[in-house]
Amino acid sequence: TRDWSSDVCSSDLIGISSAFLAVGPLVGGFLVDGPGWRSIFIITPLIAVLSAGLALFVVRRGLPDHGRGLDLPGSVLLAGSLTAILIALTEGPDGGWLQPRVLGFLAVGIALGLLLVWRETRVNSPLIDIPLLRTRGMWTPVVAGLMCQFIIVAMTVYAAIYFQVGMRSEEH
């Protein structure tokens, strides 16, 4: 058996998360067909709490302590930036890209993102290591990872829509 408390590798954690990513739509389908789609809102928080507890236990015991704390201001800036940009991207197609609300969210998101980059270059324990992102060797895995995640999410969403709508229309 494997002692998770002393030997935690990032590849192990990626493998575990990938397994859950693959199982998620399957379990979701059973929940929707069985108890109904509302049951997802009961199961998901339970899984999240269980996962967070497991992560705290595994990560705290498996990784050495380097004396680095949580960059809470950086986390708030990142969350605010991404949220504002996502709201702008969600509202833009329906309401028009030049609406003041959409432009405002986009401006706030970009401003918070720039503030995040400025801040992260000046703190001892940054959330995002900006100098590391400047190295050429870092861009290939980052771009490849983003492309893989984009494909996985797109396939998950469009496969679900196809199986719900497309196959139903083929039956009739």
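Residues numbered from 1 in each chain as written. Predicted model: local features only at pLDDT ≥ 70, side-chain atom pairs only at ≥ 80, totals over all residues. Heavy atoms only, no water.

(A) Main features of helix α4 (residues 100–120). With 21 residues, α4 ought to run about 30 Å at 1.5 Å a step, and its terminal C-alpha atoms sit 30 Å apart, in line with that. Elements in contact with the buried residues of α4: α3 (72–95) and α5 (130–133). (Helix = DSSP H or I, 4+ residues; strand = E, 2+ residues; numbered from the N terminus. Expected span 1.5 Å × (residues − 1). Contact = heavy atoms within 4.5 Å.)

(B) Representation of the packing of aromatic side chains in the model. In total, this model carries 2 aromatic pairs according to the counting rule given. Relative to phenylalanine 41, the ring of tryptophan 37 lies with its centre 6.0 Å away and its plane at 80°, an arrangement referred to as edge-to-face. (Phe/Tyr/Trp six-rings, centres within 6.5 Å; stacked < 30°, edge-to-face > 60°.)

(C) Looking closely at the environment of leucine 78. The residue leucine 78 is located in helix α3 in this model. Linking leucine 78 and glycine 109, residues 31 residues apart in sequence, is a C-alpha distance of 9.0 Å.

(D) Structural view of the environment of proline 25. Summarising the element assignment, proline 25 is placed in helix α1 (residues 10–33). On the basis of relative accessibility, which here comes to 45%, the residue proline 25 falls in the partly exposed class. Residues proline 25 and valine 157 lie 132 residues apart in sequence; the distance between their C-alpha atoms is 9.4 Å. (Buried < 20%, exposed > 50% of the residue type's maximum accessible area, 1.4 Å probe, protein only.)

(E) Representation of a nonpolar patch on the surface in the model. Side chains of Leu82, Leu86, Leu89, Trp97, Leu98, Leu103, Leu106, Ile110 and Leu114 sit close together on the surface and give an oily, nonpolar patch of about 920 Å² of accessible area. At the level of elements, α3 and α4 are the ones that each hand at least two residues to the nonpolar patch. Here the nonpolar patch gets 4 residues from one element, more than from any other, and that element is α4. (Patch = residues over 30% accessible without salt bridge, like charges linked within 9 Å, V, L, I, M, F, W, Y side chains within 5 Å. Areas by Shrake-Rupley, 256 points an atom, 1.4 Å probe, with all protein chains shown as cover. Salt bridge = Lys/Arg side-chain N within 4 Å of Asp/Glu carboxyl O.)

(F) The arrangement of the confidence of the model for the chain in detail. Here the chain averages 81 in pLDDT, while 81% of its residues score no lower than 70. Mean pLDDT values for the elements of the chain range from 74 in α1 up to 96 in α4. Of the regions scoring below 50 in pLDDT, residues 1–7 engages in 9 contacts with residues more than four places distant in sequence or in other chains. (pLDDT = per-residue confidence, 0-100.)

(G) Broad picture of the pattern of salt bridges. Counted by the stated rule, this structure contains 3 salt bridges. As a salt-bridge pair, glutamate 91 and arginine 101 come within 3.8 Å of each other at their nearest N and O atoms. Of this pair, glutamate 91 sits in helix α3 while arginine 101 sits in helix α4, and the two are 10 residues apart along the sequence. Arginine 119 is paired through a salt bridge with glutamate 120; the nearest N and O atoms lie 3.5 Å apart.

(H) Summary view of the packing of α3 against α4. Axis separation between α3 and α4 bottoms out at 8 Å; the angle between their running directions is 155°. Considered as vectors, α3 and α4 are oriented roughly antiparallel to each other. At the point where α3 passes α4, the crossing takes the left-handed sense. Residues that form the contact of α3 with α4 fall into these classes: 15 nonpolar, 6 polar and 4 charged. (Axes fitted to C-alpha atoms, helices over the stretch in contact; angles between N-to-C directions. Parallel < 35°, antiparallel > 145°, perpendicular 65-115°, else oblique. Left-handed = near helix turned anticlockwise from the far one by under 90°. Nonpolar A, V, L, I, M, F, W, Y, C, P; charged D, E, K, R; others polar.)

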